[in-house]
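So you can see what is in the structure, the chains are spelled out below.
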Amino acid sequence: MSHNSRRTTLWTFVVTSIALVMVTLDNLVVTTALPVIKRELNASLESLEWTVNAYTLTFAVFLLTGAALGDRFGRRRMFLVGLVIFTGASVAAALAPNVEVLVAARAIQGLGGALVTPLTLTLLSAAVPAEKRAVALGAWGGIGGLAVALGPLVGGAIVQGWAWQWIFWINVPIGLILLPIAWRQVAESHGPNERLDLPGVVLASLGLFGVVWGLVRGQGQGWTSPEILLALGIGSAFVVAFVLWERRAQAPMLPLRFFRNRTFALTNAASFAMYFGMFGAVFLLAQFFQVAQGDSPLTSGLKILPWTAMPVVVAPIAGALADRVIPGPRIVAVGLVLQSAGLFWLAAITSANVAYLDLVIPFILSGMGMGLFFAPVANVIMSSVRPIEEGQASGTNNAIRELGGVFGVAVLASVFASRGGYESPHIFTTGLTAATTVGAIVVALGALVAFAVPASPMMTASPETAAEVG
């Protein structure tokens, strides 16, 4: 590799890693601030859900679009556009005078993040030699884990040290620094698609919005109310229409033939389950120490650290072992088992007056599971498609993972609301344990799915993919 190539690879790794941390951080940084936002903006549980889901929903819906736009117009160019949108929306969120404006700004943040996230992976993959890709993507996964680790802690520290608005202001200097560096140091690349699947974008957006709207508002409005039945019905109809359209579209944003590959299909199903349980549980557990035990935001973030910091240690090791010593799909499956075991343990022992030391071991188990999952999953997905299709595969996997998070927050918050509430520590904990149990069950099902993933990704490639790769 020439000196210039090594320099480009290094800068690409630095830029994409920092951008990934910034965007991923916003998935979780708000969780520790939720009790403060609830108090200062007089927000309801439903509004708190939307401060999380407005971001993750637009993030998930437009991830496929972000990957497609990068393939069509240039990955570096659309990466820069995403940074501009994300940074600008962070300013709007910081200045929000009420929860409605905050939710709207979070939705726009999600759009910017949807452009940035899949392109961090494809830009890095294009810049790294094939023989070093597994290590690079393992490090990428570890850095994503670092962002997860820092989320609740950074949120708690900022809220306690300054104000909740600073969890968004912090993005602004990072974005402004990254823009000129990315423009000068990151190489441009393109993908195979020349057209944007606009009907697919519209159908997926309307369908997912309708379903999530129904899930978030169902507990408050009543599951049999006309609003909820209509939202779920119309949303589901648009999702079906999206699948039917993608089957016949000439340039689909979600090539359904990918799912004929057993590795691709099952790994994405396991990813959905992982994020469902993880984000749904973190949404509530991040509030537990403040609401039920009276801790400060910073103390709450510190107490969650044994869970969220474990990927920083585990993911690089798992990335180095993946496929060289242990098949990547097996590491993913073991990670899901540990995450599920940790959540079941937490659900069994959590009470309003539980001693913190009793929570540490299940936190560590869950964190180890996250680290084992994060490191190899990207390489498992990318190895199951042709190199030229990595942008679409990355966008699809990220979209499905984020949708898992959206549904996890929506469903587990509904379980929480049906069994508990914010009236007292005991009532909060009752709802929390019920919701965490549901999350643990879903992650356990994801583990069963992951164990069915073949050890060698290319063993189950569809005939078309196998022929193209061969």
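Residues numbered from 1 in each chain as written. Predicted model: local features only at pLDDT ≥ 70, side-chain atom pairs only at ≥ 80, totals over all residues. Heavy atoms only, no water.

### With respect to the overall build of the protein chain
Then, in step 1: Helix and strand counts for the protein chain come out as 18 helices and 0 strands.
Then, in step 2: A total of 470 residues make up the protein chain; the buried ones form 60% of that total.
Then, in step 3: Contacts in the protein chain between residues at least 24 apart in sequence constitute 84% of all its contacts with a sequence separation of at least 6.
Then, in step 4: A total of about 17,200 Å² of accessible surface is found on the protein chain, and carbon and sulfur atoms cover 68% of it. (Helix = DSSP H or I, 4+ residues; strand = E, 2+ residues; numbered from the N terminus. Buried < 20%, exposed > 50% of the residue type's maximum accessible area, 1.4 Å probe, protein only. Contact = heavy atoms within 4.5 Å. Areas by Shrake-Rupley, 256 points an atom, 1.4 Å probe, with all protein chains shown as cover.)

### Topic: helix α11 (residues 262–291)
Then, in step 1: The first and last C-alpha atoms of α11 sit 44 Å apart over 30 residues, in line with the 44 Å expected at 1.5 Å per residue.
Then, in step 2: Val-282 marks where α11 bends most, by close to 30 degrees.
Then, in step 3: Counting buried residues along α11, 24 of its 30 residues qualify, which places the element largely inside the surrounding structure.
Then, in step 4: Two to three positions downstream of the cap, the backbone nitrogen of Thr-263 sits 2.9 Å from a side-chain oxygen, assigning the N-cap of α11 to Asn-261. (Expected span 1.5 Å × (residues − 1). Bend = angle between axes of the 7 residues up to and from the residue. Polar contact = N/O pair within 3.5 Å; in protein donor to acceptor, adjacent residues only side chain to side chain.)

### Quick word on helix α10 (residues 226–248)
Then, in step 1: Taking 1.5 Å of rise per residue, 23 residues should cover 33 Å, and α10 covers 33 Å from first to last C-alpha, within 8% of that figure.
Then, in step 2: Burial in α10 covers these residues: Ile-228, Ala-231, Gly-235, Phe-242 and Glu-246.

### So, the packing of α11 against helix α17 (residues 425–451)
Then, in step 1: At a minimum axis distance of 8 Å, the contact between α11 and α17 shows a crossing angle of 165 degrees. Judged on the interaxial angle alone, α17 and α11 are roughly antiparallel. Classified by chirality, the crossing of α17 by α11 is left-handed. Residue-level contacts link Leu-266, Ala-269, Ala-270, Ala-273, Met-274, Phe-276, Gly-277, Leu-284, Leu-285, Gln-287, Phe-288 and Val-291 of α11 to Pro-425, Phe-428, Thr-429, Leu-432, Ala-435, Gly-439, Val-442, Val-443, Gly-446, Val-449 and Ala-450 of α17. (Axes fitted to C-alpha atoms, helices over the stretch in contact; angles between N-to-C directions. Parallel < 35°, antiparallel > 145°, perpendicular 65-115°, else oblique. Left-handed = near helix turned anticlockwise from the far one by under 90°.)

### Quick word on the side chain of Thr-436
Then, in step 1: Mapped onto the secondary structure, Thr-436 falls in helix α17.
Then, in step 2: Exposure remark for Thr-436: the relative accessible area of 3% places this residue in the buried category.
Then, in step 3: Every residue in contact with Thr-436, bar those within four places of it in the chain, is listed here: Leu-343, Leu-346 and Ala-347.

### What about the packing of aromatic side chains?
Then, in step 1: Within this structure, the stated rule accounts for 11 aromatic pairs.
Then, in step 2: Centre to centre, the rings of Phe-258 and Phe-264 are 5.2 Å apart; their planes meet at 65 degrees, and the pair counts as edge-to-face. The burial state of Phe-258 is the same as that of Phe-264; both residues are buried.
Then, in step 3: Between Trp-307 and Phe-363 the ring centres are 5.8 Å apart and the planes differ by 20 degrees, which places this aromatic pair in the stacked class. Of this pair, Trp-307 sits in helix α12 (residues 297–308) while Phe-363 sits in helix α15 (residues 356–382), and the two are 56 residues apart along the sequence. For the pair formed by Trp-307 and Phe-363, the shared burial category is buried.
Then, in step 4: Feature note: the residues Phe-288, Phe-289, Trp-307, Tyr-356 and Phe-363 constitute an aromatic cluster, connected by ring pairs.
Then, in step 5: Cation over ring: Arg-76 sits above Trp-183, and NZ or CZ is 4.9 Å from the ring centre. (Phe/Tyr/Trp six-rings, centres within 6.5 Å; stacked < 30°, edge-to-face > 60°. Lys NZ or Arg CZ within 6 Å of the ring centre and 35° of its normal.)

### Structural notes on the nonpolar core
Then, in step 1: Counting residues in each nonpolar core, the largest one holds 80 residues, and the members touching the most others are Trp-164, Trp-307 and Leu-336.
Then, in step 2: The element that contributes the greatest number of residues to this core is α11, accounting for 14 residues.
Then, in step 3: Once you skip the residues sitting within four places of it in the chain, Leu-336 turns out to touch Ala-270, Met-274, Phe-373, Val-443, Gly-446, Ala-447 and Ala-450.
Then, in step 4: The next biggest cluster of nonpolar side chains, apart from the first, holds 23 residues, and it includes Ala-19, Leu-119, Leu-178 and Leu-179. (Core = buried A, V, L, I, M, F, W, Y, C linked by side-chain atoms within 4.5 Å.)

### Focus: the environment of Gly-222
Then, in step 1: Looking at the secondary structure, you find Gly-222 in the loop between α9 (198–221) and α10.
Then, in step 2: On the basis of relative accessibility, which here comes to 24%, the residue Gly-222 falls in the partly exposed class.
Then, in step 3: Contact partners of Gly-222, with chain neighbours within four places excluded, come to Arg-217 and Ile-228.

### Things to note about the environment of Asn-53
Then, in step 1: Here Asn-53 shows up in helix α3 (residues 45–73).
Then, in step 2: By relative accessible area, Asn-53 is classed as buried at 0%.
Then, in step 3: With residues up to four places along the chain from it excluded, the contact list for Asn-53 reads Val-216, Gly-405, Val-406, Val-409 and Ala-410.

### Examining a nonpolar patch on the surface
Then, in step 1: Taken together, the side chains of Phe-344, Ile-441, Leu-445 and Leu-448 define a hydrophobic patch exposed on the protein surface, amounting to about 390 Å² of accessible area.
Then, in step 2: Per-element accounting of the nonpolar patch gives the leading share, 3 residues, to α17.
Then, in step 3: With respect to the helices and strands, the residue Leu-445 is situated in helix α17. (Patch = residues over 30% accessible without salt bridge, like charges linked within 9 Å, V, L, I, M, F, W, Y side chains within 5 Å. Salt bridge = Lys/Arg side-chain N within 4 Å of Asp/Glu carboxyl O.)

### Points about the environment of Val-385
Then, in step 1: Residue position: Val-385 is located in the loop between α15 and α16 (390–419).
Then, in step 2: The class for Val-385 is buried, based on a relative accessible area of 6%.
Then, in step 3: The spatial distance from the C-alpha of Val-385 to the C-alpha of Thr-263 is 9.8 Å, given a sequence separation of 122 residues.
Then, in step 4: When neighbours within four sequence positions are excluded, Val-385 is seen to be in contact with Phe-258, Phe-264, Glu-390 and Ala-393.

### Focus on the packing of α11 against helix α14 (residues 328–349)
Then, in step 1: Relative orientation of the contacting elements α11 and α14 amounts to 30 degrees, with a least axis distance of 11 Å. As summarised for this structure, α11 and α14 are arranged roughly parallel, according to the angle between their axes. Considering only the axes of α11 and α14, their crossing is left-handed. Together, Ala-270, Met-274, Gly-277, Met-278, Ala-281 and Leu-285 of α11 and Leu-336, Gln-339, Leu-343 and Leu-346 of α14 make up the contact between the two elements.
Then, in step 2: Split by residue class, the contact of α11 with α14 holds 8 nonpolar, 2 polar and no charged. (Nonpolar A, V, L, I, M, F, W, Y, C, P; charged D, E, K, R; others polar.)

### As for the confidence of the model for the protein chain
Then, in step 1: Residues with a pLDDT of 70 or more make up 86% of the protein chain, whose mean pLDDT is 79.
Then, in step 2: Predicted confidence for residues 457–470 stays below pLDDT 50, and this span has 23 contacts to residues more than four positions away or in other chains. (pLDDT = per-residue confidence, 0-100.)

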